[in-house]
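Chain by chain, the residues:
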Amino acid sequence: MRHIAIVGSGPAGYYTAEAALKQWGDEVHVDIFDTLPVPFGLIRTGVAPDHQSIKAVARRYENTALTRNVRFVGNVMLGRDLSVAELRELYDAVVLATGAPSDRKLGLPGEDLPGVFGSAAFVGWYNGHPQFAGLHPPVGHDTAVIVGNGNVALDVARILAKSEDELAGSDIVAHALATLHESKVRRIVILGRRGPHQIAMTPKELGELAKLERAHPVVDAADLPPADADGALDTGLRKSLGLLRAFAGNRNPRADDVTVEFDFFAAPRAILGDGQVEGVEVERTRLENGKAVGTGETYRIPAGLVIACIGYQTSPIPEVPYDDEGGRFANSEGRIAPGLYCVGWARRGPTGTIGTNRPDGFAIVEKIAADIPGDSGKPGRPGFDALAEARGIQVVRFTDWQKIDEAEVAAARDGAPREKFVEVGKMIEATGRA
């Protein structure tokens, strides 16, 4: 029997567990650890609450989770409850599938002012992540600035721009819905250091913005390259450019519209404010060999809320080598050290889609099979269970999660799929084991 510990219960973790079952069948036990008492990681707390079809992929992970050989071990934190070294002593292989849950910093003066958030924090806030549930984003100013030209920037803009009716069928949490109901934001500026040809926005997400009740997306036609320059782009990017060109024709918003301005060739240089964010200083840029270079021309955008959507990084773990430049664990094709591996964003950085994690998981299991051809005699589950009992660790199992799930679904407002618990204590209380 092989014993595998996977740290992280998001897509990368469950795809790795699925691969292990296909590789070894009944000859493997897989324990999937998570800091939270609830599984599915990014699916629960990262995917936009109005993208319920994407969240449905969790049903596939549930099929894996309910097999006899796979076990969810929730409410267990590395560093608090046990160490990586202890896991390595207990299991034949330890796979870090912790994702990239931390925001990259802007590196600008003033970014620590109240009212400035990274996207991991802001998205976690409206998705009900316990770590960020206590945030209080200021929405009393008429302007919000979003830094970044990827899909996360569009997610944030869309949630800020949507009406309450449009959010009715989502699983946005109650505290966020209440805050957005009081929002005075009517202008959202999306800053991009480079131009339309360099965006990482897909046509699906851009198209959604065009279909909202009160969103009025606007592009300055002067920022757009000639249409015949789009020919060399891939199909998706060409479609995105077509949408941006359509936005350039938008004029005369209604009084109750939320204007979403795409400000290209615009690099933030400082966050302004005295005790609270009051605006962003921006420098106009131009492209030189594909890179954004400042022109010296600056201007200011008054704003009461700034959200940086510039990428994520893996959180370091004691004892695990870390690649500071890449924002991930230092590894060679997923291998960190004998018996220690990483997968998904923790291996390659925050790139690719949810589905990209499946081949990644299967590849890492092939490496484990090559490195550990037989039973090493390590204790695995029984060894962890003994350690957990000795330390009084309150482990949450998948059957406990199903009770949490039932309670969240029962608490849903009309039309919503669930109302998430945003406190760990409440989650555990719902299991009946508090």
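Nothing here was measured: the structure is a model prediction, and the numbers come from that model.

**Quick notes on the sheet that holds strand β7 (residues 143-147)**
The six strands are arranged β6-β14-β7-β8-β10-β9 in an open sheet whose pairing can be described as parallel. One side of each edge strand has no neighbouring strand; the edge strands of this open sheet are β6 (116-118) and β9 (215-219). Each strand of the sheet is rotated relative to its neighbour by a mean of 20°, with strand direction disregarded. Where β9 meets strand β10 (residues 258-263), five bridges bridge the pair, whose relative direction is parallel. Each bridged residue has a counterpart across the sheet, and for Pro217 the counterpart in β10 is Val260.

**Looking at the pairing of β9**
When you tally the buried positions in β9, you get four out of five residues, the bulk of the element. Of the crossover connections in this fold, the one passing from β9 over helix α10 (residues 235-248) to the parallel β10 is left-handed.

**Here's the deal with the environment of Ser102**
Among the secondary structure elements, Ser102 is positioned in strand β5 (residues 102-103). With a relative accessible area of 23%, Ser102 lands in the partly exposed category. Separated by 209 residues in the primary sequence, Ser102 and Gly311 have C-alpha atoms spaced 8.7 Å apart. Looking at Ser102, its side chain comes within polar contact range of the side chain of Ser315, at 2.6 Å.

**Some points on the packing of aromatic side chains**
Scanning the entire structure with this criterion turns up 16 aromatic pairs. Taken together, a centroid distance of 6.3 Å and an interplanar angle of 40° make the contact between Phe40 and Tyr61 tilted. Placement of Phe40 in the loop between β2 (28-33) and α2 (42-45) and of Tyr61 in helix α4 (residues 58-65) is noted, with a sequence separation of 21 residues between them. One exposure class covers both Phe40 and Tyr61, and it is buried. An angle of 35° between the planes, with centres 5.3 Å apart, marks the rings of Phe122 and Trp125 as tilted.

**Focus on the nonpolar core**
Counting residues in each nonpolar core, the largest one holds 48 residues, and the members touching the most others are Leu160, Ile188 and Phe262. The dominant element in this core, judged by the number of residues it contributes, is helix α7 (residues 151-161), at seven residues. Tyr14, Ala65, Phe72 and Val95 belong to the second largest nonpolar core, which has 40 residues in total.

**Quick look at the pairing of strand β3 (residues 70-73)**
On β3, burial covers both faces: Val70 and Phe72 on one face and Arg71 and Val73 on the other are all buried. Across four bridges, the pairing between β2 and β3 is parallel. The residue of β3 that forms the bridge with Phe33 is Val73.

**Some words on the side chain of Ser170**
Note that Ser170 resides in the loop between α7 and α8 (174-181). The contact partners of Ser170, leaving out residues within four places of it in the chain, are Pro49, Asp50, Gln52, Arg413, Ala416 and Pro417.

**Digging into unusual backbone geometry**
Positive phi, close to 55°, is recorded for Phe265, a residue that is not glycine. One can find Phe265 in the loop between β10 and β11 (266-273). Even without being glycine, Glu319 reaches a positive phi, approximately 80°. Here Glu319 shows up in the loop between β15 (312-313) and β16 (322-323). Residue Glu319 is classed as exposed on the basis of its relative accessible area, which comes to 51%.

**Re the pattern of salt bridges**
In total, this model carries 30 salt bridges according to the counting rule given. Arg391 is paired through a salt bridge with Glu86; the nearest N and O atoms lie 2.4 Å apart. Of this pair, Arg391 sits in helix α13 (residues 381-391) while Glu86 sits in helix α5 (residues 84-90); the two residues are 305 residues apart in sequence, bridging distant segments of the chain. On the accessibility criterion, Arg391 (43% relative accessible area) is partly exposed. The shortest N-O distance in the salt bridge between Lys420 and Asp171 comes to 3.6 Å. Pair noted here: Lys420 is in the loop between α14 (398-410) and α15 (424-430) and Asp171 is in the loop between α7 and α8, with a separation of 249 residues, a long-range link.

Calculation rules
- Residues numbered from 1 in each chain as written.
- Predicted model: local features only at pLDDT ≥ 70, side-chain atom pairs only at ≥ 80, totals over all residues.
- Heavy atoms only, no water.
- Pairing = 2+ DSSP bridges.
- Helix = DSSP H or I, 4+ residues; strand = E, 2+ residues; numbered from the N terminus.
- Axes fitted to C-alpha atoms, helices over the stretch in contact; angles between N-to-C directions.
- Buried < 20%, exposed > 50% of the residue type's maximum accessible area, 1.4 Å probe, protein only.
- Right-handed = clockwise from strand over helix to strand, strands pointing away.
- Polar contact = N/O pair within 3.5 Å; in protein donor to acceptor, adjacent residues only side chain to side chain.
- Phe/Tyr/Trp six-rings, centres within 6.5 Å; stacked < 30°, edge-to-face > 60°.
- Core = buried A, V, L, I, M, F, W, Y, C linked by side-chain atoms within 4.5 Å.
- Contact = heavy atoms within 4.5 Å.
- Salt bridge = Lys/Arg side-chain N within 4 Å of Asp/Glu carboxyl O.

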